[in-house]
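# Descriptive analysis of the structure
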Amino acid sequence: MSQINLSAGVRSNLLSLQGTAGLLEQTQNRLATGQKVNGPLDDAAAFFTAQGLNGRANDLSSITQGMQNGMKTIDAASKGIDSISTTMDTMIGQVRQALQDPGTEPPESDAIAPPADDNSGDFTLEATVDGTTVSTTLEDSNGADDLEGTQEDNAQLVVDTINGDTDFQNAGLSAQLTEDGDEFVVVNESGQEVTLEDGSGGALGGGTIDAAGELTDAREALMNSYNDLRTELNALSADSGYNGNNLLMGDALEVVFNELTGDDRTSFDVSAKQADGTAFGNVTADRLGGAEGDATTFASNVNLESRLESLQSGVSELRSLSSQLGTAQTIVENRESFTKEMVNTLQEGADGLTLADMDEEAANNLALQTKQQLGQSALSLAIQNDQSVLQLLR
């Protein structure tokens with residue numbers, strides 16, 4: 001090719017056409033790919049910066065999937081708490097209905113005979129309830145609490161003394177005369193088994209009093225319904241997991257918030273906690289004050305009142321748990337929204353460095369095609385001028 005000599009005009013037009021063809025190829029490549037930077041040769045700084053931005057955007061996008069799983073796990077636990085709360089309310093209703101049933105008379109001791117006169121020595125009665133002993137002693141000496149001369153009077157004195165003693169009242173015990181009036185019985189409304197002794201280890205009134213009276217049919221039916229609800233509550237808690245993680249059964253959840261590792265990693269731990277921040281444990285009927293119902297509990301108003309109080313306390317704890325999970329849900333949702341916005345910002349930054357302006361490139365393509373056509377016409381005219389010189393030589 002070096003042996004072929006071109007005129008200055010032809011060479012100038014040829015070089016112009018070659019430049020136009022190169023620009024046209026670049027423009028058409030941008031239109032085809034949508035990018036103005038396809039590799040480091042196009043613009044090394046823009047290419048590698050965009051690559052870093054897209055890499056972080058991809059990392060954060062994968063992390064948002066973990067956040068979504070975390071929100072589903074929290075949502076499953078929240079729905080479980082809602083259903084458990086409804087079940088707890090129904091259990092409380094069963095206990096309230098049992099309290100409205102008259103039930104049976106509270107259990108009482110066998111008849112106890114006091115001394116028949118004031119020369120029979122002191123009279124002591126000790127009652128032990130749930131490990132606590134209360135007692136009263138009437139002396140045969142002259143005094144305000146002296147035993148009187150007849151057994152009927154002494155029986156009345158013992159009844160009055162027991163019923164006026166705050167220790168016996170707090171223990172849920174009282175006394176009443178028998179029909180004949182010369183003996184008395186101790187009435188047990190404590191809901192616990194009671195042991196009676198005479199102060200020297202000897203048994204009084206049969207030795208023990210049952211914790212509760214007979215269970216009526218109505219209360220037994222309510223007890224069975226209560227236990228069925230209790231079983232369902234435990235099942236609801238066990239079934240409130242998502243993807244193998246159950247916050248209501250003691251599991252903990254870590255939701256990762258960024259793509260870094262080590263000390264630079266940020267995350268949020270979610271678990272069921274008590275008001276003092278310690279682990280709540282499994283959300284079960286026992287944990288929420290809903291122990292299994294039995295005849296002793298449902299036959300005793302005292303025990304039912306205690307169970308009612310425990311269940312109401314459990315409902316309060318459920319509300320606290322629900323509030324905790326709501327807060328956790330809000331935190332993770334906000335972080336997911338922030339991360340999505342960050343991903344969008346990173347992608348926009350990368351696109352700004354590498355994407356082509358399609359309108360501009362389309363205009364460039366049209367202009368270059370026109371320029372190419374003009375260049376071809378100019379080259380044709382230059383060649384014609386050379387041919388004119390050839391004609392003169394002929």
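Below you will find a few notes about this structure. Quick caveat: nothing in here was measured; it's all calculated off a predicted structure.

Here the focus is the overall build of the protein. Counting its secondary structure elements, the protein contains 8 helices and 8 strands. In the protein, which comprises 394 residues, the share counted as buried stands at 35%. Of the contacts formed within the protein by residues at least 6 apart in sequence, a portion of 68% connects residues at least 24 apart. In the structure as shown, the protein presents an accessible area of about 21600 Å², 45% of it carried by carbon and sulfur atoms.

What follows concerns helix 5 (residues 217–238). If you check helix 5, its first and last C-alpha atoms are 32 Å apart, about what 22 residues at 1.5 Å a residue would give, namely 32 Å. Of all the residues in helix 5, the buried ones are Arg-219, Leu-222, Met-223, Tyr-226, Asn-227, Arg-230, Leu-233, Leu-236 and Ser-237. The secondary structure elements touched by the buried residues of helix 5 are helix 2 (44–100), helix 6 (295–298) and helix 7 (301–354).

Counting 42 residues, the largest nonpolar core has Ile-74, Ile-84, Met-88, Val-283 and Leu-288 as its most contacted members. Those elements that provide at least two residues to this core are helix 2, helix 5, strand 7 (253–256) and helix 7. Of the residues forming this core, the biggest block, 14 residues, is contributed by helix 2. For Met-88, the contacting residues outside a window of four places in its chain are Leu-233, Leu-288, Leu-311, Gly-314, Val-315 and Leu-318. By size, the runner-up hydrophobic cluster in this structure holds 21 residues, among which are Ile-112, Phe-123, Val-129 and Val-159.

Going through the model one piece at a time under the given rule, you end up with 2 aromatic pairs. Judged by centre distance (6.2 Å) and plane angle (85°), the ring pair of Phe-123 and Phe-184 falls under edge-to-face. Here Phe-123, found in strand 1 (residues 123–129), pairs with Phe-184, found in strand 4 (residues 184–188); they are 61 residues apart in sequence, far enough to count as distant. Of the residues examined, Phe-123 reaches a relative accessible area of 8% and is grouped as buried. Among the residues examined, Phe-184 registers a relative accessible area of 0% and is labelled buried.

Okay, the sheet that holds strand 5 (residues 194–197) next. The strand order 2-1-5-6 describes an open sheet built from 4 strands, whose pairing is antiparallel. At either margin of the open sheet sits one strand with a lone partner, and together these are strand 2 (132–138) and strand 6 (203–209). Strand-to-strand twist in this sheet, taken as the mean axis angle between neighbours without regard to direction, amounts to 10°. Relative to strand 5, strand 1 is paired through 4 bridges, and the arrangement is antiparallel. Along strand 5, the bridge assignment pairs Val-129 with Val-194.

Only one face of strand 7 is buried, namely the one carrying Leu-253 and Val-255, since none of Glu-254 and Val-256 on the opposite face is buried. By the bridge criterion, 4 bridges tie strand 7 to strand 8 (residues 267–270) in an arrangement that is antiparallel. By the bridge assignment, Glu-254 is partnered in strand 8 with Asp-269.

Here the focus is the pattern of salt bridges. A side chain with one charge may pair with a side chain of the opposite charge, provided their charged atoms come close. Here the structure, examined in full by the defined rule, presents 7 salt bridges. With a closest N to O distance of 3.9 Å, Glu-254 and Arg-265 form a salt bridge. Residue Glu-254 is located in strand 7, and its partner Arg-265 is located in the loop between strand 7 and strand 8; the two are separated by 11 residues in the primary sequence. Judged by its relative accessible area of 43%, Glu-254 falls in the partly exposed class.

So, about unusual backbone geometry. Its identity as a non-glycine residue notwithstanding, Asp-130 has a phi of 50°, on the positive side. Along the chain, Asp-130 turns up in the loop between strand 1 and strand 2. Its identity is not glycine, yet Asn-243 carries a phi of approximately 55°, on the positive side. You can see Asn-243 is positioned in the loop between helix 5 and strand 7. When its relative accessible area of 66% is taken as the criterion, Asn-243 is described as exposed.

Tracing the backbone through its elements, the reader meets Pro-115 in the loop between helix 2 and strand 1. As a C-alpha pair, Pro-115 and Glu-152 span 37 residues in sequence and 9.4 Å in three-dimensional space.

One can describe the packing of helix 2 onto helix 5 by two numbers: an axis separation of 9 Å at closest approach and a directional angle of 165°. The pairing of helix 2 with helix 5 is recorded here as roughly antiparallel in orientation. Relative to helix 5, the crossing made by helix 2 is left-handed. Residues Ser-83, Ile-84, Thr-87, Met-88, Thr-90, Met-91, Gln-94, Val-95, Gln-97, Ala-98 and Leu-99 of helix 2 form the contact with helix 5, whose participating residues are Arg-219, Leu-222, Ser-225, Tyr-226, Leu-229, Arg-230, Leu-233, Leu-236 and Ser-237. Among the residues forming the contact of helix 2 with helix 5, the class breakdown is 11 nonpolar, 7 polar and 2 charged.

What counts and how
- Residues numbered from 1 in each chain as written.
- Predicted model: local features only at pLDDT ≥ 70, side-chain atom pairs only at ≥ 80, totals over all residues.
- Heavy atoms only, no water.
- Helix = DSSP H or I, 4+ residues; strand = E, 2+ residues; numbered from the N terminus.
- Buried < 20%, exposed > 50% of the residue type's maximum accessible area, 1.4 Å probe, protein only.
- Contact = heavy atoms within 4.5 Å.
- Areas by Shrake-Rupley, 256 points an atom, 1.4 Å probe, with all protein chains shown as cover.
- Expected span 1.5 Å × (residues − 1).
- Core = buried A, V, L, I, M, F, W, Y, C linked by side-chain atoms within 4.5 Å.
- Phe/Tyr/Trp six-rings, centres within 6.5 Å; stacked < 30°, edge-to-face > 60°.
- Pairing = 2+ DSSP bridges.
- Axes fitted to C-alpha atoms, helices over the stretch in contact; angles between N-to-C directions.
- Salt bridge = Lys/Arg side-chain N within 4 Å of Asp/Glu carboxyl O.
- Parallel < 35°, antiparallel > 145°, perpendicular 65-115°, else oblique.
- Left-handed = near helix turned anticlockwise from the far one by under 90°.
- Nonpolar A, V, L, I, M, F, W, Y, C, P; charged D, E, K, R; others polar.

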